[in-house]
Amino acid sequence: GRRVISVERYVIYEFETDVGSLPARCPDIAGLEVVVLERAEDVDRLASSGYQVPAYFPTFKRRWLGRGGVAFCAYVDREPAHIAWAAFSTEARGCCDFLPYFVDFEHGEACWGGAYTPRRFRGLGLYTYVCGIRLKYMHDHGYSRCRDAVRVGNHASLRGQAFWIQGRACRAGSFIGFDGP
């Protein structure tokens with residue numbers, strides 16, 4: 001039989017989470033707020049407060065909230081504009097990606113990924129802004145290092161992260177992923 005294999009190249013990042021000396025870089029968007037979801041109950045509370053739950057976003061999966069995943073949701077006038085994830089356990093790793101690079105959760109490392117921004121909100125700086133919020137959250141919760149994989153052709157994510165890793169300790173490597181049966 002026939003099978004399809006796709007090959008993707010990724011940049012694997014490892015960087016410090018202490019962003020205290022860097023500016024917040026908040027985009028000038030009226031009605032912008034970021035909501036942090038740590039548990040499934042937070043989603044219910046969000047909905048009962050009149051916010052639209054981003055359930056139709058391709059990366060939004062409630063199941064990760066009970067496994068050590070945390071969702072960072074940007075809203076513009078209570079409309080979902082961006083979501084990004086951070087994983088703080090092996091069980092939550094799937095909220096970010098399924099690539100086989102090592103994250104030492106037991107020794108102060110976390111990872112992030114799973115970002116999605118609807119087309120009409122792209123190019124406004126939301127990804128870069130939420131990256132900073134995720135790094136601060138990690139640092140405040142005792143995680144000193146973040147690991148991440150970005151597909152080589154994902155210029156928006158590479159650009160957004162470049163702001164946070166400029167001039168700071170960072171290691172990068174590459175991974176080639178294969179999809180298919």
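Heads up: the structure comes first, above all this text.
First, a word on scope: everything that follows refers to the structure included in this document. The model shown is predicted, which means the values in this text are computed figures rather than measured ones.

The rules behind each value
- Residues numbered from 1 in each chain as written.
- Predicted model: local features only at pLDDT ≥ 70, side-chain atom pairs only at ≥ 80, totals over all residues.
- Heavy atoms only, no water.
- Helix = DSSP H or I, 4+ residues; strand = E, 2+ residues; numbered from the N terminus.
- Buried < 20%, exposed > 50% of the residue type's maximum accessible area, 1.4 Å probe, protein only.
- Areas by Shrake-Rupley, 256 points an atom, 1.4 Å probe, with all protein chains shown as cover.
- Phe/Tyr/Trp six-rings, centres within 6.5 Å; stacked < 30°, edge-to-face > 60°.
- Lys NZ or Arg CZ within 6 Å of the ring centre and 35° of its normal.
- Core = buried A, V, L, I, M, F, W, Y, C linked by side-chain atoms within 4.5 Å.
- Contact = heavy atoms within 4.5 Å.
- Salt bridge = Lys/Arg side-chain N within 4 Å of Asp/Glu carboxyl O.
- Expected span 1.5 Å × (residues − 1).

**Observations regarding the overall build of the protein**
When its secondary structure is counted, the protein shows three helices and seven strands. Listed N to C, the secondary structure of the protein is β-β-α-β-β-β-α-β-α-β in terms of helices and strands. With 181 residues in all, the protein has 48% of them scored as buried. Carbon and sulfur atoms make up 51% of the accessible area of the protein, which totals about 9,600 Å².

**As for the packing of aromatic side chains**
What describes a pair of aromatic rings is the distance from one ring centre to the other and the angle between the planes of the rings. Tallying each qualifying case throughout the model produces eight aromatic pairs. Ring geometry for Phe57 versus Tyr116: centroids 5.0 Å apart, planes at 70°, classification edge-to-face. Placement of the pair is Phe57 in the loop between helix H1 (40-48) and strand E3 (69-76) and Tyr116 in strand E5 (residues 109-116), with a sequence separation of 59 residues. A residue is classified by how much of its surface remains accessible, and Phe57, at 2% relative accessible area, is buried. You can call Tyr116 partly exposed: its relative accessible area is 26%. Through pairs of rings, three or more aromatic residues link up here, namely Phe72, Phe88, Tyr137 and Tyr143. In this structure, Arg134 packs its charged tip against the face of Trp112, placed 4.1 Å from the ring centre.

**A word on the nonpolar core**
Phe88, Leu135 and Met138 are the most contacted members of the largest nonpolar core, which has 32 residues in total. Elements that contribute at least two residues to this core include exactly strand E1 (6-16), E3, strand E4 (79-87), E5, helix H2 (126-140), strand E6 (145-151) and helix H3 (155-165). With eight residues, H2 is the largest single contributor of residues to this core. Filtering out sequence-adjacent residues up to four positions away, Met138 remains in contact with Thr17, Ala86, Phe88, Ala110, Cys111, Trp112, Tyr143 and Cys146. Counting 26 residues, the second-largest nonpolar core is a separate cluster that includes Leu46, Leu99, Tyr101 and Phe105.

**Remarks on the pattern of salt bridges**
Considering all chains together, one arrives at 11 salt bridges under this definition. Measuring nitrogen to oxygen at the nearest pair gives 3.0 Å for the salt bridge that ties Glu14 to Arg145. In this pair, Glu14 is assigned in strand E1 and Arg145 in strand E6, connecting sequence segments 131 residues apart. Of the residues examined, Glu14 reaches a relative accessible area of 9% and is grouped as buried. Using a relative accessible area of 25% as the deciding quantity, one classes Arg145 as partly exposed. Measuring nitrogen to oxygen at the nearest pair gives 3.0 Å for the salt bridge that ties Asp42 to Arg45. Of the two residues, Asp42 and Arg45 both sit in helix H1, three residues apart, roughly one turn of that helix. Salt bridges here are not isolated pairs; linked through shared partners, they connect Glu14, Glu16, Glu109, Arg145 and Arg147.

**Points about H2**
Between its first and last C-alpha, H2 extends 21 Å over 15 residues, near the 21 Å set by a 1.5 Å rise per residue. Counting buried positions along H2 gives 11 out of 15 residues, so the element sits mostly inside the fold. Turning to H2, its buried residues number three or more, namely Leu126, Tyr127, Thr128, Tyr129, Val130, Cys131, Gly132, Arg134, Leu135, Tyr137 and Met138. Just beyond H2, the residue with positive phi is Gly142, at close to 90°.

Any functional reading would require information beyond the geometric quantities listed.
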